[in-house]
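Topology and contacts: notes
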Amino acid sequence: MELSTHGRVVSLHLNVGQQQPLEAVGQATFLESEGIAGDIHCTTRIERRGRQVLLIEKETLDAFGLKPGMVRENVTTQGIDLTSLEVGQRLLLGERVVLQISMACTPCSMLEAVRRGLQEQLRGRRGMLSYVEEGGSISIGDTVDVA
């Protein structure tokens, strides 16, 4: 499948605690300027602003034999090329959630617990971090579009 500027949400996860397994959910509430309700990264702290939501493509996970949530992403998409997005670009999830891309996510050493060498393998492909510009609820199957 060729990636484009249009896709869909195929998986949603909440990070409920440090080094705890992620919680798969069918729907998530995105809070403006904070993050995802129930996620430990949901905060108004200015230094965390650009790290509220992590997105990655299912195509990337598939290429490495990984299942959604294994690299600790919040939103797994399909069909949209997230790595081609630039800082400041916006994504529209569903009908009203707007995320602003803040940076590419640098793979951390926690990935080594998933599989040895995964940190280096995902360099440049770990997904994109973002900030919640406009909140609302998202469900699996909702659209994702470059705004």
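Residues numbered from 1 in each chain as written. Predicted model: local features only at pLDDT ≥ 70, side-chain atom pairs only at ≥ 80, totals over all residues. Heavy atoms only, no water.

1. Some thoughts on the sheet that holds strand S3 (residues 27-31)
Put simply, the rule is: The criterion for strand pairing is that DSSP finds at least two bridges linking the strands in question. Note on conventions: DSSP H or I runs of at least 4 residues are helices, E runs of at least 2 residues are strands, and numbering of each starts at the N terminus.
Pairing is antiparallel across the open sheet formed by three strands, whose spatial order is S4-S3-S10. Every other strand in the sheet has two partners, leaving strand S4 (35-36) and strand S10 (136-139) as the edge strands with one partner each. Examined bridge by bridge, S3 and S10 share four bridges and lie antiparallel to one another. When the bridges of S10 are listed, Gln 27 appears paired with Ser 139.

2. Quick word on the layout of surface pockets
Note the cut-off: With a 1 Å grid spanning the protein atoms alone, the term cavity applies to any set of points in which a 1.4 Å probe fits but cannot get out, the term pocket to an open set with protein on both sides within 12 Å along at least five of seven lines, and the term lining residue to any residue with an atom within 4 Å of a point. Grid points are joined across faces, edges and corners, and a volume is the space filled by probe spheres set on the points. Lys, Arg, Asp and Glu make up the charged group, whereas Ala, Val, Leu, Ile, Met, Phe, Trp, Tyr, Cys and Pro make up the nonpolar group; the residues left over, Gly among them, are polar.
Here the largest pocket defines a volume of roughly 410 Å³. Lining the largest pocket are 17 residues, with Asn 15, His 41, Arg 48, Arg 72 and Arg 126 sitting closest to its centre. Among the residues making up the lining of the largest pocket, the classes are represented as six nonpolar, seven polar and four charged.

3. Focus on the environment of Ser 102
Under the convention used in this document: We call two residues in contact when some of their heavy atoms are within 4.5 Å.
The residue Ser 102 is located in strand S8 (residues 97-104) in this model. As for Ser 102 and Val 10, which are separated by 92 residues in sequence, their C-alpha atoms are 22 Å apart. Excluding residues within four positions of it along the chain, Ser 102 makes contact with Gly 50, Arg 51, Val 87, Leu 129 and Ser 130.

4. Structural notes on the state of the cysteines
Quick reminder of the rule: We call a pair of cysteine sulfur atoms a disulfide when they lie within 2.5 Å. Accessible area is worked out with a 1.4 Å probe on protein chains only. A residue is then buried under 20% of its type maximum, exposed over 50%, and partly exposed in between.
The full count for this structure, using the stated rule, is zero disulfides. Take Cys 108: it sits in no disulfide, and the sulfur closest to it among the cysteines is that of Cys 105, at 6.9 Å. What makes Cys 108 partly exposed here is its relative accessible area of 28%.

5. Some points on the nonpolar core
One recurring pattern in soluble globular proteins: nonpolar side chains tend to sit buried together. Operational definition: Here, nonpolar core means buried Ala, Val, Leu, Ile, Met, Phe, Trp, Tyr and Cys residues that are tied together by side-chain atoms lying within 4.5 Å of each other.
Of all hydrophobic cores here, the largest spans 22 residues; its most connected members are Phe 30, Val 53, Val 75, Leu 91, Leu 93 and Leu 99. When contributions to this core are tallied by element, the ones reaching two or more residues are strand S1 (6-14), S3, strand S5 (53-57), strand S7 (90-93), S8 and strand S9 (128-134). Other than its neighbours up to four places away in sequence, Leu 93 contacts Val 9, Val 75, Leu 99, Ile 138, Thr 143 and Val 144. In this structure, Phe 64, Leu 66, Val 71 and Leu 111 belong to the second largest nonpolar core, which totals eight residues.

6. A closer look at the packing of aromatic side chains
Spelled out, the test is: Only centres within 6.5 Å qualify two rings of Phe, Tyr or Trp (six-membered ring in Trp) as a pair; their planes then separate them into stacked at under 30 degrees, edge-to-face at over 60, and tilted for everything else. Cation placement over rings: the criterion is NZ of Lys or CZ of Arg within 6 Å of the ring centroid and within 35° of the ring normal.
Across all of its chains, the model carries zero aromatic pairs by this definition. Sitting over the ring of Tyr 131, Arg 49 keeps its end group 3.8 Å from the ring centre.

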